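Residue-level structure breakdown
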Amino acid sequence: MSVTNGPSFLSTPDHSILDDLEVQGIEVEYHCREGFCGACRCKLISGEVDYTLDPLAFIDDDEILPCCTIPITDITLAI
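Structure report, in brief.

What follows deals with the environment of S16. Within the element layout of this structure, S16 appears in the loop between β1 (2-3) and α1 (17-23). Note on S16: relative accessible area 12%, which makes it buried. Remark: the alpha-carbon pair of S16 and D50, spanning 34 residues in sequence, is separated by 10.0 Å. Each residue touching S16, except ones within four places of it in the same chain, is listed here: P66, C67, T69 and I70.

On to the pattern of salt bridges. Taken as a whole and assessed by the stated rule, the structure comprises four salt bridges. Of the charged contacts, one joins R33 and D19 as a salt bridge, the two residues approaching to 2.6 Å between their closest N and O atoms. Of this pair, R33 sits in the loop between α1 and β2 (42-46) while D19 sits in helix α1, and the two are 14 residues apart along the sequence. The partly exposed category is assigned to R33, whose relative accessible area is 29%. Judged by relative accessible area, D19 falls into the partly exposed class, the value being 24%.

Cut-offs used in this document
Residues numbered from 1 in each chain as written. Predicted model: local features only at pLDDT ≥ 70, side-chain atom pairs only at ≥ 80, totals over all residues. Heavy atoms only, no water. Helix = DSSP H or I, 4+ residues; strand = E, 2+ residues; numbered from the N terminus. Buried < 20%, exposed > 50% of the residue type's maximum accessible area, 1.4 Å probe, protein only. Contact = heavy atoms within 4.5 Å. Salt bridge = Lys/Arg side-chain N within 4 Å of Asp/Glu carboxyl O.

This is the structure we're talking about:
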């Protein structure tokens with residue numbers, strides 16, 4: 001996993017992308033951690049993710065909610 005203008009790191013299979021970002025010290029705004037509010041939305045530059053919960057927040061086709069996703073391929077995010 002990598003962040004544009006930021007570090008590359010390995011994700012943890014049993015943690016959300018938001019959890020992995022926090023472990024790396026990368027700040028992402030969030031509120032609910034369950035896909036309801038959409039505050040954590042960020043742009044998926046490349047790769048694929050899988051949702052662990054069905055998000056209720058509106059997101060564009062090129063955005064993800066890291067609070068309720070896990071990477072299924074190597075991903076790059078713009079935060």
